[in-house]
Amino acid sequence: MRRPPLVVIFVAILVIAFGELGGAVLSQLRPATTRWAAARIAANPQVHGLTGSPEYDDTVREQTVFATEAGLSFFHTHAEGTGLVLFFAATLVASVVRPRALRGVLYALLTVGALFPLGYLVYAFAVLQLGRETGIEIAETWVLTPLGASAIVGLIGLAVVLARREPAAAPGGR
Amino acid sequence: MAPIDTWRLPPRGVLLAAVLLLVVAEVGGASMSRYKLELARWARTGMLAHPDVHGLVGVRDVDERTLDEALFRFDAGLRLFHMHAEGMALVVIASTTVVTTLARSTLPRRALIFLLTVGGVGYPLGYLIWSALIPAYGVERSKAIAEWLVWIPFGGATILGLLWLAGLTGALLARR
């Protein structure tokens, strides 16, 4: 099977590598991550609605730290997955899509789409700085939705090419 | 040297290891549902045989909560094994294919394939070991064992291999 361009391969490997690093941070640096998140929450008391009441504030702190860890966890799982999706989908594009311009468009859509997991990192940080609702809104509006849409459109484009009947290849390839 | 436009497959042994890991992952997933009761019973029997390890005090209400928590972790370890084995097998196939195609020098190619294969296949086994040791050693101690024996060395090998591969691919890109 033909391989995709180097830049696409590079992005796929980088996304998988950062997904692995994210997993390592989650497990090995969990106490440090929790402490750092708690410090960020304490530095933004108004954003998180801290009242000074220990019981209430502890609950808010726990929920927000949990949201941050969830964002990191989602980043880890999705980065591992989208890196692989990019690798295999781009290989199919390289092997079955004939027109060069269309190949380029599909590579671009799929490669940009593979960066989708960054939305969960944005969410994890934004939740701490700006609060849960604003964090979700920012991550969804500016990262998850556009990048996710890019991946979906790229995959639909690939599916359309695969579904169409192609004339038999001329000897010697393209 | 002209760039290679097609993927070169990694050594057959690497592919076999990845496929076997996939098989074990799938069988593991199937076993988790088919033998859910038997596995829970086995784990529970093991925990009851080691009351000191699990802090069992002989009071039913207290002990049931402790046992439930440990059984939850036992089940979680099996699920995490299933998920990670499925995923890491694909990571091994994809990454070693990239290495075989792009790494021209023998020594880096072999080193990368070794790191990625051994790391990728070994890492998920840590979850299986964690679950298997919970009845006898308790949740935290078995986690520490799995961490130092498996997750850190094998996970570290995989991360090192992937970052090295990313660097190699980036260098090739920069050279163009």
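Look up: the structure comes first, before these words.
Here the structure is a predicted model, which means the values were calculated and not measured.

Reading the values: rules and limits
Residues numbered from 1 in each chain as written. Chains lettered and ligands numbered in written order. Predicted model: local features only at pLDDT ≥ 70, side-chain atom pairs only at ≥ 80, totals over all residues. Heavy atoms only, no water. Helix = DSSP H or I, 4+ residues; strand = E, 2+ residues; numbered from the N terminus. Rg over C-alpha atoms; globule rule 2.2 N^0.38 Å. Buried < 20%, exposed > 50% of the residue type's maximum accessible area, 1.4 Å probe, protein only. Contact = heavy atoms within 4.5 Å. Areas by Shrake-Rupley, 256 points an atom, 1.4 Å probe, with all protein chains shown as cover. Lys, Arg positive; Asp, Glu negative; His and termini not counted. Charge placed at Lys NZ, Arg CZ, Asp CG, Glu CD. Core = buried A, V, L, I, M, F, W, Y, C linked by side-chain atoms within 4.5 Å. Buried area = accessible area lost by both parts, 1.4 Å probe. Salt bridge = Lys/Arg side-chain N within 4 Å of Asp/Glu carboxyl O. Polar contact = N/O pair within 3.5 Å; in protein donor to acceptor, adjacent residues only side chain to side chain.

1. Here we look at the overall build of chain A
Okay, so step 1: Helix and strand counts for chain A come out as 7 helices and 0 strands.
Okay, so step 2: Of the regular secondary structure in chain A, the N- to C-terminal order runs α-α-α-α-α-α-α.
Okay, so step 3: Over its C-alpha atoms chain A spans a radius of gyration of 21 Å, topping by over 25% the 16 Å that the globule rule assigns to 174 residues.
Okay, so step 4: Dimensions of chain A, computed from the C-alpha atoms along their principal axes, are close to 75 × 30 × 20 Å.
Okay, so step 5: Looking at the 174 residues of chain A, the share that counts as buried comes to 43%.
Okay, so step 6: In chain A, the proportion of contacts linking residues at least 24 apart, taken out of those at least 6 apart, comes to 79%.
Okay, so step 7: Working note: accessible area of chain A is about 9100 Å², and carbon and sulfur atoms make up 67% of it.
Okay, so step 8: Charge separation in chain A, taken as the distance between the mean sites of 13 positive and 11 negative side-chain charges, equals 23 Å.

2. Notes on the nonpolar core
Okay, so step 1: In terms of nonpolar packing, the biggest core is built from 75 residues, with Leu86(A) and Val98(B) touching the most fellow members.
Okay, so step 2: Among the elements that take part in this core, helix H4 (residues 60-102) of chain B stands out by supplying 16 residues, more than any other.

3. Quick notes on the interface of chain A and chain B
Okay, so step 1: At the junction of the two partners, chain A supplies 22 residues and chain B supplies 29 residues.
Okay, so step 2: Together, the buried faces of chain A and chain B total about 2200 Å²; carbon and sulfur atoms form 76% of this surface.
Okay, so step 3: Of all residues in chain A, Arg3(A), Leu6(A) and Ile13(A) bury the most surface against chain B, accounting for 29% of the area lost on that side.
Okay, so step 4: Here chain A and chain B share 1 salt bridge between them.
Okay, so step 5: The partner of Asp5(B) in a salt bridge is Arg2(A), and the shortest N-O contact between them spans 3.9 Å.
Okay, so step 6: At the junction of chain A and chain B, the tally comes to 4 residue pairs in polar contact (both at pLDDT 80 or more).

4. What to know about the side chain of Thr68(A)
Residue and element names in this part refer to chain A.
Okay, so step 1: Tracing the sequence through the fold places threonine 68 in helix H4 (residues 54-96).
Okay, so step 2: In this structure threonine 68 comes out as buried when scored by relative accessible area, which is 3%.
Okay, so step 3: Ignoring any residue separated from it by four or fewer positions in sequence, one finds threonine 68 in contact with Ala124, Val127 and Leu128.

Worth remembering: the numbers are spatial, not functional.
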